[in-house]
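# Report on the structure
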Amino acid sequence: AQSVSQHNHHVILSEAASLELGCNYSYGGTVNLFWYVQYPGQHLQLLLKYFSGDPLVKGIKGFEAEFIKSKFSFNLRKPSVQWSDTAEYFCAVQSGGSYIPTFGRGTSLIVHP
Amino acid sequence: DAGVIQSPRHEVTEMGQEVTLRCKPISGHNSLFWYRQTMMRGLELLIYFNNNVPIDDSGMPEDRFSAKMPNASFSTLKIQPSEPRDSAVYFCASSSGANVLTFGAGSRLTVL
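So, here's what we can say about the structure. Values in this document were obtained by computation on a predicted structure and should not be read as measured data.

Definitions and cut-offs
Residues numbered from 1 in each chain as written. Chains lettered and ligands numbered in written order. Predicted model: local features only at pLDDT ≥ 70, side-chain atom pairs only at ≥ 80, totals over all residues. Heavy atoms only, no water. Helix = DSSP H or I, 4+ residues; strand = E, 2+ residues; numbered from the N terminus. Rg over C-alpha atoms; globule rule 2.2 N^0.38 Å. Buried < 20%, exposed > 50% of the residue type's maximum accessible area, 1.4 Å probe, protein only. Contact = heavy atoms within 4.5 Å. Pairing = 2+ DSSP bridges. Disulfide = S-S within 2.5 Å. Core = buried A, V, L, I, M, F, W, Y, C linked by side-chain atoms within 4.5 Å. Salt bridge = Lys/Arg side-chain N within 4 Å of Asp/Glu carboxyl O.

### Here we look at the overall build of chain A
- Helix and strand counts for chain A stand at 0 helices and 12 strands.
- Going residue by residue from the N terminus, the α and β elements of chain A occur as β-β-β-β-β-β-β-β-β-β-β-β.
- Against the compact-globule benchmark of 13 Å for 113 residues, chain A has a radius of gyration of 13 Å, which places it among compact chains.
- In terms of principal-axis extent, the alpha carbons of chain A reach across some 40 × 25 × 20 Å.
- Burial statistics for chain A: of 113 residues in total, 46% are counted as buried.
- Sequence separation of at least 24 residues holds for 54% of the intrachain contacts in chain A that already meet a minimum separation of 6.

### What about the pairing of strand β9 (residues 73-78) of chain A?
Residue and element names in this part refer to chain A.
- Here β9 lies mainly inside the structure; 5 of its 6 residues are buried.
- Note: strand β3 (residues 19-21) against β9, 3 bridges, orientation antiparallel. Following the sheet pairing, Leu21 is matched in β9 by Leu76.
- Pairing of strand β8 (residues 64-68) with β9 involves 5 bridges; the strand directions are antiparallel.

### What to know about the state of the cysteines
- The final tally for this structure, using the stated rule, is 2 disulfides over all chains.
- With its sulfur 1.9 Å from that of its partner, Cys23 of chain A forms a disulfide with Cys91 of chain A. Of note, the bridge from Cys23 of chain A to Cys91 of chain A carries an S-S torsion of about -65 degrees and is left-handed in sense. Placement of Cys23 of chain A in the loop between β3 and β4 (24-25) and of Cys91 of chain A in strand β10 (residues 87-95) is noted, with a sequence separation of 68 residues between them. The exposure classification of Cys23 of chain A matches that of Cys91 of chain A, with both residues buried.
- Each disulfide pairs two cysteine sulfurs, and for Cys23 of chain B the partner residue is Cys92 of chain B, the sulfurs being separated by 1.9 Å. Between Cys23 of chain B and Cys92 of chain B the disulfide shows an S-S torsion of about -65 degrees. By sign, it is left-handed. Placement of the pair is Cys23 of chain B in strand β3 (residues 19-24) and Cys92 of chain B in strand β9 (residues 88-95), with a sequence separation of 69 residues. With respect to burial, Cys23 of chain B and Cys92 of chain B carry one shared label: buried.

### Structural notes on the nonpolar core
- Leu19, Leu33, Trp35, Leu48, Phe74, Leu76 and Tyr89 of chain A are the most contacted members of the largest nonpolar core, which has 28 residues in total.
- Elements represented by at least two residues in this core include exactly β2 (10-14), β3, β5 (31-38), β6 (45-50), β8, β9, β10 and β12 (107-112) of chain A.
- Residues in contact with Phe74 of chain A, not counting those within four places in the same chain, are Cys23, Leu33, Phe34, Trp35, Leu48, Tyr50, Val57, Ala65, Glu66 and Phe67 of chain A.
- Counting residues in hydrophobic clusters, the runner-up holds 21 residues, among them Val19, Ile26, Met60 and Leu77 of chain B.

### Overview of the pattern of salt bridges
- Taken as a whole, this structure holds 12 salt bridges over all chains when the rule is applied.
- One salt bridge in this structure joins Arg77 of chain A and Glu66 of chain A, with 3.2 Å as the shortest N-O distance. Pair noted here: Arg77 of chain A is in strand β9 and Glu66 of chain A is in strand β8, with a separation of 11 residues, a long-range link.
- Judged by relative accessible area, Arg77 of chain A falls into the partly exposed class, the value being 23%.
- Taking the shortest distance from any N to any O, the salt bridge between Arg36 of chain B and Glu44 of chain B comes out at 3.3 Å. Accessibility assignment for this pair places Arg36 of chain B and Glu44 of chain B in one class, buried.
- Salt bridges sharing common partners tie together Glu62, Arg64, Glu83, Arg85 and Asp86 of chain B.

Okay, here's the thing in structure tokens:
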């Protein structure tokens, strides 16, 4: 079965620090990849997505992610985080033509002002 | 569009009581998902509907859980009888095909 691993469960940074959150998946075929964000007390919302084309994807609020097929990875990056980026971040993968995304366990990011 | 609408937002009930959570997906979306979020297990898929038909219910924990989608604009998730370990946030999400999911605000369930 498909699995999605987010290796960092909790990340604590100071404002202006750089961020990289890891995401690896197990499926070897065609995949659609997503990062969702859940701000405190809110519902999940899309941060960015990759379906095809340029493997470097730009999202909202200065986030980007890079799809590296050979490494089965889709890591999320931001060069300079802000206090308002404090949230839970979820990586998700749709594979094999399935409409059902599999979510990772999530990474809790706390940014200190 | 008002987005995915869930009700109630908060529910506190006693063990053994029946709980019904409701979801109105985005108009035109043909896929609907129910997820459960807990600290211990993260975000788990409970059931997936496509065109109102349950396609994958392998995540439904046990017979106490049931879900229906009588039409394209309404779905329910029922727990009967409820137990303390069912306490969680239940999210409904909808999408159009293999695409981005739009989540509702969630229903926070506390079973005492």
